[in-house]
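Working through the structure, step by step
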Amino acid sequence: MAVTAGAPLRRGVLPFIAWRPKGRTATLAVYIVRRLLWMIPVLFFVIVITFFLMHQAPGGPWDREGRQLSPAVVNNLNIKYGLDKPEWQQFLLYVWGAAHFDFGDSLQSPGQHVSTLLLESWPYTFTLGAATFLLLVPIGVGLGVIAALRQNSWADYTALGMATVFASTPNFVVGILLIIVFAIGLNKLTGGNFYLPTGGLPEPYNPFQVQLLMPVFTLGALPTAYIARLTRASTLETLRQDFVRTAWAKGLKGRLVVTRHVLKNSLIPVVTALGPTFAFLITGSFIVETLFSIPGIGRSFVTSIESRDYTMILGTTLLFAVLIALVNLVVDVLYVFIDPRVRLSD
Amino acid sequence: MATAIGIAQPVDWDVPEQTGLWKDAWIRFRRNRLAVAGLVVVIILVVMAFGARLPGTPGGLWKILHLAGDPFTQDVTNTYALPSLQHPMGTDILGRDLMARVFYGASISLTIGIVVQFLILFIGGSIGMAAGYFGGWIDNLLMRFTDIMFAFPDLLLVLVFVAAFGPSFWSIFIALGLVYWTNLARLVRGQVLSIKEKEYVEAAIMTGTSPLKLIWKHLVPNSLGPVIVTLTFGIPAAIFTEAALSFLGIGIRPPEPSWGVMIEDGYAGIFADPLQVIFPAIAVAFTMLSFTFIGDGLRDALDPRMKR
C-alpha cells in the first residue's frame, strides 16, 4: 500500500521545488519534504472518496432499530451537525475543519470530538499492533533465515510448511481455532482452572499480558508467515551469489558470512515488505479487535460504519491513511540507507 | 531437449514435439503435487457448490440425493445437533443442516473469488495498459490515481464501498473489483513498458502494424503469464475479504449462508457449540490454501526462466 518512491511532483509543476540541492543529506531532505507535500493531495482525495461514498450509503446516522426518532428531532440533529446543508457545503466545511485539525464531533457519541474518541481507543490498538510488530519481525526473519540456511532439511520443511499454511489462513479462522483450543478446550480440560481469556480489557502500553496472547498470535500469524517466506526466498538467492562464495572461500567464519554478507543483502526486500505489513496490521485490527472485544480503533471503525457515524469514519480513515503514508515514507528512506544502490529519483 | 553441439545424438523422429507455451506450462504444473492437490480440491468444491445451487432442484441436488439437508429449512426441535448420519456436520442454532449450508456457502465464495477477477482484469488491465501504452501525462494521471487508491488500507476501502452500495452480493462484488485492481494495473503497466522496448515490437511497428493488432498480438500474449498468476492469487484474497466482511456483519446478510455469515453465527454461539464455527472456518482456510497452491504452481509453470 505504498505511495511509490519517485517523484509525484514533477519539476516545473511547483517552481520552488525545482531548486536542485547538492549533497546526499540535502537530496534526502528535499525528497522527504516532497513526499510530505504529496501527502496533501492524497489525503484530500481520500477525504473526497470516503466523504461522498459515505453520504451515498443508504440510511443515515439517526436511523435506529425499533423505535425511530421523530422527524422533528431528526431535523434538529441535522441542523446541529450541519447535515441539513447541501452535500458540497458539508464537504468544504469538513475539508476546512480537517485542514485545521478539527475533525468534528462524533455523530453517535454526542458532544465527543472525533479526535478525543480516537485518542481514547488508540492505546489499545497501538499496544496490540506494537506487540505484534515487535514479535513478527524477529520471528519471521529468524524462521526464514534458518530455513534458508538449512535448505531441504526437516527444519526448512517445517518452517516452510507452517509459513505456507499460515500465509493463507484468514486471521479470523486462526483466532477462532485458538479460542476453541486454548479458551474452551483448556477450560474443559482443566475443569476451569486454567485457560486463556477471550476478552478482557488489555492494559495499554504493556505488551506482556495474558489477554494479548491470542490477539497477538491471531494478528501476527499471517504477516509472520509472509515475512518468513520472503526472507527464505531472498536469503536463498543471496546464498547463491558470487560474493558469498568468495566469503566462504577466503575462510571467513560461518557466522560472519551470514551476518556480514548474506543478511545485509537478503533483508533488503524484507524492509520493503514492512510497509504492506503495517497496512495489513491495521486492517487485521478490524477483525482481531472485533473477535476479542478490544475497544480499539479498528473495532470502533467497524461500529461507526454500521451506525453511519460519518465524522468518525472520515476521521479514522484519515488517521489510517496518514499512518500508512508515514510508515511508507520511513521505509523508503530506510531503504536508501540499507541499499546504497538505490538513488532517490527526482 | 537441447543437444550438445558436436556430439552426435540419436534422433528420435517419432517425437518431433513442439510443445507450445500452454502445453509446456501444463506439464510443469502437473509436476507440482501441491498445485495438483489444490486443483482437485477446487474441482470438488465447484461440484459441491454447483450441486447446492443447481436450478430446478429445490434445496439443491444434494438434498434430492439425500446427501445433505436443506440449507434454509429450520428445525427448532433439533438445534445444535452433533454430527450424525442425517446431519454429517450437525445443525446450527436454528436447526438448519450445516453441511448443506457449507456447500451452499462454497457457491458464494467461489463465485465471488473467481468472477471478481474478471472485473479486476477489466479495470486493472485497461488502466495499466493505457498507462503503459500511451505514457506521458495519461500514464502520470493514471498512476497518481492508483497511488491514491493505494493509500487506503484495502479492507477499509471495501468496507466503505460496501456500506455505500448497501449489503448485498453484488455490492461486495463491485466493491472488491473497485479496490483490488491496483496491483494488476501496476503489473500490466510494467509489463507493457518492458515489452514496448523489445525488438519484435519495434519490428512490428516498422512494418506498420496497427495499434490494436499490436496490443492484441504482442502485448496481450506476452504479459498474460504474470497476469494470470496475479489473478489466481487474487482469488483467495477476494474470498478472504468476502468472509471477513460478512463476519464483521457488513457483507452478505443472513439467511444467505455465506461462509462469513456462518462464522459470525457460529462465533456468537461458540461457547454453546464450537463445532458450528469450525466447519465453515476450515472451509474458508482450505479453499484459500488450495488457490494459493494453484497460484504457486501456475507461477512456476508459466515462468520458465524462474527456477524453484
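Conventions adopted
Residues numbered from 1 in each chain as written. Chains lettered and ligands numbered in written order. Predicted model: local features only at pLDDT ≥ 70, side-chain atom pairs only at ≥ 80, totals over all residues. Helix = DSSP H or I, 4+ residues; strand = E, 2+ residues; numbered from the N terminus. Buried ≥ 20, exposed ≤ 12 C-beta atoms within 10 Å, placed from the backbone. Contact = placed C-beta atoms within 7 Å. Nonpolar A, V, L, I, M, F, W, Y, C, P; charged D, E, K, R; others polar. Core = buried A, V, L, I, M, F, W, Y, C linked by C-beta atoms within 7 Å. Expected span 1.5 Å × (residues − 1). pLDDT = per-residue confidence, 0-100. Bend = angle between axes of the 7 residues up to and from the residue. Axes fitted to C-alpha atoms, helices over the stretch in contact; angles between N-to-C directions. Parallel < 35°, antiparallel > 145°, perpendicular 65-115°, else oblique. Left-handed = near helix turned anticlockwise from the far one by under 90°.

1. Quick look at the overall build of chain A
For chain A, the count of helices and strands is 12 helices and 0 strands. Reading chain A from its N terminus to its C terminus gives the helix and strand order α-α-α-α-α-α-α-α-α-α-α-α. A burial count over chain A gives 37% of its 346 residues as buried. In chain A, the share of contacts with a sequence separation of at least 24, taken over all contacts with a separation of at least 6, comes to 74%.

2. Notes on the overall build of chain B
When you go through chain B residue by residue, the secondary structure sums to 12 helices and 0 strands. Considering chain B as a whole, with its 308 residues, one finds that 47% of them fall into the buried category. Residue pairs at least 24 apart in sequence account for 65% of intrachain contacts in chain B once pairs closer than 6 positions are excluded.

3. A short note on the interface of chain B and chain A
Counting residues at the interface gives 37 residues for chain B and 39 residues for chain A. Residues of the side of chain B that touches chain A, tallied by class, amount to 31 nonpolar, 3 polar and 3 charged.

4. Things to note about the nonpolar core
Residue and element names in this part refer to chain B. Ranked by size, the top nonpolar core spans 155 residues in total, and within it Val-158, Leu-159 and Ile-263 carry the most contacts. For this core, the element with the highest residue contribution is helix α4 (residues 98-134), accounting for 15 residues. Discounting chain neighbours no more than four positions away, the residues touching Val-158 are Ala-175, Leu-176, Val-179, Thr-241 and Leu-245.

5. A few points about helix α3 (residues 87-99) of chain A
In this model, α3(A) (13 residues) spans 18 Å end to end at C-alpha, consistent with the 18 Å of a helix rising 1.5 Å per residue. At the C-terminal side of α3(A), Phe101(A) shows a positive phi close to 60 degrees.

6. Re the confidence of the model for chain B
All names here are of chain B. When pLDDT is averaged along chain B, the result is 81, and 83% of the positions lie at 70 or above. Looking across chain B, the model is least confident in helix α3 (residues 61-64), with a mean pLDDT of 68, and most confident in helix α7 (residues 169-179), with 89. Interface predicted TM-score (ipTM) for the complex: 0.80; the corresponding pTM is 0.83.

7. Re the environment of Arg24(A)
All names here are of chain A. Relative to the elements of secondary structure, Arg-24 occurs in helix α1 (residues 24-56). On the basis of neighbour counts, which here come to 11 C-beta atoms within 10 Å, the residue Arg-24 falls in the exposed class. In this structure, the C-alpha to C-alpha distance between Arg-24 and Leu-219, residues 195 residues apart in sequence, is 38 Å.

8. Side note on helix α10 (residues 268-291) of chain A
Residue and element names in this part refer to chain A. Helix length check: α10 (24 residues) gives 34 Å between terminal C-alpha atoms against 34 Å at 1.5 Å per residue, within 8%. Of all the bends found along α10, the most pronounced is centred on Ser-285 and spans about 35 degrees. The buried count for α10 comes to 20 of 24 residues, which makes it a mostly enclosed element.

9. A short note on the environment of Thr290(A)
Take Thr290(A): it is sitting in helix α10. Note on Thr290(A): 22 C-beta atoms within 10 Å, which makes it buried. Spatially, the C-alpha atoms of Thr290(A) and Thr311(A) are 21 Å apart, while their sequence positions differ by 21 residues. With residues near it in sequence (within four places) discarded, Thr290(A) still touches Arg299(A), Val302(A) and Leu248(B).

10. Remarks on the packing of helix α7 (residues 210-239) of chain A against helix α9 (residues 254-266) of chain A
Residue and element names in this part refer to chain A. Axis separation between α7 and α9 bottoms out at 8 Å; the angle between their running directions is 130 degrees. Taken together, the axes of α7 and α9 lie oblique to each other. Crossing handedness for the pair α7 and α9: right-handed. Contact residues: Thr-231, Ser-234, Thr-235, Thr-238 and Leu-239 in α7; Val-262, Asn-265 and Ser-266 in α9. Classifying every residue of the contact of α7 with α9 by side-chain character gives 2 nonpolar, 6 polar and no charged.

11. Describing unusual backbone geometry
If a residue is not glycine, its phi is most likely negative; likewise, a peptide bond is most likely trans. Residues and elements named next belong to chain A. A positive phi angle is found at Phe-101, which is not glycine, with a value near 60 degrees. Within the secondary structure, Phe-101 is located in the loop between α3 and α4 (114-149). By the C-beta count within 10 Å, which is 7 here, Phe-101 ends up exposed. Despite not being glycine, Asn-152 shows a phi value in the positive range, around 65 degrees. Here Asn-152 lies in the loop between α4 and α5 (154-167).

12. Things to note about the confidence of the model for chain A
Low pLDDT means the predicted coordinates in that region are not meant to be read closely. Residues of chain A with pLDDT of at least 70 account for 90%, and the chain-wide mean is 82. Taken together, the stretch residues 1-9 of chain A has pLDDT below 50 and engages in 29 contacts with residues farther than four places along the chain or on a different chain.

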